[in-house]
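Observations on chain architecture
Take a look at the letters that make up each chain.
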Amino acid sequence: MALEHALLVSLTEHSGSGYELARRFDKSIGFFQSATHQQIYRVLKRMDEAGWIDAEIVTQDSRPDKRVYRVSAAGRAELQRWIAEPTEPNHLRNELAVKIRAAQQGDMPALAAEVARHRDGHATRLEIYRMIEKRDFPAPNQLSGTALHQYLVLRGGIRVEEGFANWCQEVLDALSQ
């Protein structure tokens, strides 16, 4: 996925300055598409040049003016084109999986520690996702539109993190036998 498309999605949900977008990105789409704040600003510039977004200059007291971005008609057309474009299913491409496959050739306690570290990382992210679910979507059966779509992506993240945490625990159980 191109960062441009992730930013278009975010901007369709709520317009904002580059700074606001970068902060929001860290708390939402950033869970699924990583980007530094510098990358976001560079891509916003390209998107502006391509006509995918419009920028409004907002004057601020005792601070520099800020540019507030909104998706343009051309940006909406690009997002529609991209949404309709087929994507390949994700495959388990994971360095940890390859390390486990080669476990016999390595240091088993070190590998077990690494698997436990991954399990704990997935469990932590799972807690964050569940907290977001509880806070932002207390009545999921009443959702529609954008809120429903955000919830469905969050549920996908929950399922992935559950799966990886459980798989890591399965590996640890098998390695300890």
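Residues numbered from 1 in each chain as written. Predicted model: local features only at pLDDT ≥ 70, side-chain atom pairs only at ≥ 80, totals over all residues. Heavy atoms only, no water.

For the chain, an unreviewed UniProt entry supplies the name PadR family transcriptional regulator and the organism Rhodococcus tibetensis.

Some thoughts on the overall build of the chain
Regarding its fold elements, the chain presents 7 helices and 3 strands. Scaling as 2.2 N^0.38, a compact globule of 177 residues should have a C-alpha radius of gyration of about 16 Å, whereas the chain reaches 20 Å, well beyond that. If one aligns the C-alpha atoms of the chain with their principal axes, the spans along those axes are about 65 × 40 × 40 Å. The long-range fraction of contacts in the chain, counting pairs at least 24 apart against all pairs at least 6 apart in sequence, stands at 57%. With an accessible surface of roughly 11,900 Å², the chain has 52% of that area assigned to carbon and sulfur atoms. In the chain, which carries 23 positive and 24 negative side-chain charges, the distance between the mean positions of the two groups comes to 1 Å. (Helix = DSSP H or I, 4+ residues; strand = E, 2+ residues; numbered from the N terminus. Rg over C-alpha atoms; globule rule 2.2 N^0.38 Å. Contact = heavy atoms within 4.5 Å. Areas by Shrake-Rupley, 256 points an atom, 1.4 Å probe, with all protein chains shown as cover. Lys, Arg positive; Asp, Glu negative; His and termini not counted. Charge placed at Lys NZ, Arg CZ, Asp CG, Glu CD.)

Topic: helix α6 (residues 108-136)
Taking 1.5 Å per residue, 29 residues should reach 42 Å; α6 reaches 42 Å between its end C-alpha atoms and fits that length. What α6 keeps buried is the set L111, V115, A116, H122, L126, Y129, I132 and E133. Residues of α6 that are buried sit in contact with α5 (95-101) and α7 (145-175). (Expected span 1.5 Å × (residues − 1). Buried < 20%, exposed > 50% of the residue type's maximum accessible area, 1.4 Å probe, protein only.)

A closer look at the sheet that holds strand β2 (residues 53-58)
Think of a sheet as strands paired side by side through backbone hydrogen bonds, with each pair either parallel or antiparallel. Judged by pairing direction, the sheet is antiparallel, and its 3 strands sit side by side in the order β1-β3-β2 without closing on themselves. Where the open sheet ends on each side, the last strands, each with one partner, are β1 (16-17) and β2. In terms of strand pairing, β1 meets strand β3 (residues 66-71) through 2 bridges, oriented antiparallel. Of the residues in β3, the one forming a bridge with G16 is Y69. (Pairing = 2+ DSSP bridges.)

Overview of the pattern of salt bridges
As enumerated under the stated definition, the model contains 12 salt bridges in all. One salt bridge connects R46 with E4, and the closest N-O pair in it is separated by 2.8 Å. A residue pair is termed long-range when its members are at least 10 positions apart, and R46 in helix α3 (residues 37-50) and E4 in helix α1 (residues 3-13) qualify at 42 residues. With relative accessibility at 45%, the residue R46 sits in the partly exposed group. Across the pair R67 and D48 runs a salt bridge whose closest N-O atoms are separated by 2.8 Å. Of this pair, R67 sits in strand β3 while D48 sits in helix α3, and the two are 19 residues apart along the sequence. (Salt bridge = Lys/Arg side-chain N within 4 Å of Asp/Glu carboxyl O.)

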